[in-house]
Amino acid sequence: MISFRDLLKDKKIFYYIQRADYFLKNMGYTYHGTRHVVWVANHARRILKELSYSNREVELAGIAGLLHDIGNIVCRHDHAQTGALLAYQLLKEKNVLTEEDLTDLMYAIGNHESDTGVPVTPIAAAVVIADKSHVNRNRVRKDGNIKEDIHDRVNYATYYSNIEVNPEEKIIKLILKIDTSISDILEFFSIFKERMEMCRKASRVLNCEFRIRINGKDL
């Protein structure tokens, strides 16, 4: 099966990813470009791989992770649903995936946002967990304002982020290291509470519990 790394070599897809981030940059959002979507793709596929899902589901999670934000080339509002339709169009013309593959991808992409998403498939669940867990200072743009913008401040304060999967204990754990001299843990939850709740629901789809460890302490 085609992988997300194969698709990343496609000039049109790469352009869509970069263009989506260009528009988000001009709207004042944190970085959503190649580093972000590759991080999401890698972690989404790794979550399913470590939980022993099929190779098909693993690779589709990677593809969905790569393409999950391309809808921002149309509009930030409802970008998940727009992105799902764009992804279908981009991938359909390649003639390398079945209709079942394509519909699984559309569902995963179309349901990754916390205000509208309902991730009820393993692929969708993995993408949600990977996307909502990506908080890191490398997502703050050079012109970011950590004093005035809480999203920039929380991301900049987070100098390490990773997802650990324990298949034996059925636990998916987000590991963060936060410089509390820049932003405290309460600020993190003030903007990430809804996203963490979505990760918890997504983890249950994978028959796992979602946990968070910040600065060495399990919460």
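Everything numeric in this text was worked out from a predicted model, so none of it was measured. For every chain, the first residue of the written sequence is number 1, and numbering continues from 1 onward in sequence order. At least 70 in pLDDT is required for a residue's local features to be given in this predicted model, at least 80 for side-chain atom pairs to be given and counted, and no such filter applies to totals for whole chains, interfaces and linings, which use all residues. Side-chain metrics in this entry use all non-hydrogen atoms of the structure; hydrogen atoms and water are not considered.

Colleague: I keep staring at the packing of helix α7 (residues 122-132) against helix α9 (residues 185-205) and nothing clicks. Help me out?
Modeller: The axes of two packed helices give the description: the angle between them and the distance between them. Where α7 meets α9, the closest approach of the two axes is 9 Å, and the angle between their N-to-C directions is 150°. Between α7 and α9, the interaxial angle falls into the category roughly antiparallel. The crossing of α7 and α9 is left-handed. Along its contact with α7, which presents P122, A125, V128, I129 and K132, the element α9 presents F192, R195, M196, M198, C199, A202, S203 and V205. Comment: axis = line fitted to C-alpha atoms, over the contacting stretch for helices; angle = value between 0 and 180 degrees taken between N-to-C directions. Runs of H or I in DSSP of at least four residues are treated as helices and runs of E of at least two as strands, each being numbered from the N terminus. Geometric relationships in this document are graded by angle, where less than 35 degrees denotes roughly parallel, more than 145 denotes roughly antiparallel, 65 to 115 denotes roughly perpendicular, and other angles denote oblique. Here a crossing is taken to be left-handed if its near helix is turned anticlockwise relative to the far helix by less than a right angle, and right-handed if that turn runs clockwise. In what follows, a contact means two residues having at least one pair of non-hydrogen atoms within 4.5 Å.

Colleague: Sorry, what's going on with the nonpolar core here?
Modeller: Generally speaking, nonpolar side chains in soluble globular proteins are found buried as a group. The biggest cluster of nonpolar side chains holds 63 residues, and the ones touching the most others in it are I47, I63, L66, L67, I172, F188 and L206. For L206, the residues in contact, after removing those within four places along its chain, are I47, L48, L51, Y53, P122, A125, I129 and I172. Working definition of a nonpolar core: buried Ala, Val, Leu, Ile, Met, Phe, Trp, Tyr and Cys residues. They are joined through side-chain atoms within 4.5 Å. To sort residues, take the accessible area from a 1.4 Å probe on protein chains only and compare it with the maximum for the residue type: under 20% means buried, over 50% means exposed, and anything in between is partly exposed.

Colleague: Help me understand the packing of aromatic side chains, please; the structure alone is not making it clear to me.
Modeller: Here the distance between the centres and the angle between the planes together describe a pair of aromatic rings. Pairing of aromatic side chains here covers Phe, Tyr and the six-membered ring of Trp, requires ring centres within 6.5 Å, and sorts the geometry by plane angle: under 30 degrees stacked, over 60 edge-to-face, intermediate tilted. Going through the model one piece at a time under the given rule, you end up with three aromatic pairs. Here Y22 and F23 contribute two aromatic rings whose centre-to-centre distance is 5.5 Å and whose plane-to-plane angle is 65°, an arrangement assigned as edge-to-face. Residue Y22 is classed as partly exposed on the basis of its relative accessible area, which comes to 41%. For F23, a relative accessible area of 28% corresponds to the partly exposed category. Plain terms: the ring middles of F188 and F192 are 4.8 Å apart, the flat faces sit at 10° to each other, and that makes the pair stacked. Taken together, the positions of F188 and F192, both in helix α9 and four residues apart, correspond to about one turn of that helix. One exposure class covers both F188 and F192, and it is buried. Every member of this aromatic cluster is reached through a ring pair, and the members are F188, F189 and F192.

Colleague: Explain the sheet that holds strand β3 (residues 209-214) to me, please; I cannot follow it from the model alone.
Modeller: Strand pairs in the sheet, formed through backbone hydrogen bonds, run parallel or antiparallel to each other. At least two DSSP bridges between two strands are required for those strands to pair. Sheet architecture is open: four strands sit in the order β1-β2-β3-β4, paired in mixed fashion. For this open sheet the edge positions go to β1 (158-166) and β4 (217-218), each flanked by a neighbour on one side alone. Pairing of β3 with β4, which is carried by two bridges, proceeds in the antiparallel orientation. Bridging from a neighbouring strand, I214 pairs with K217 of β4. Lying over the sheet, α9 contacts β2 (171-178) and β3, oriented at roughly 155° with respect to β3.

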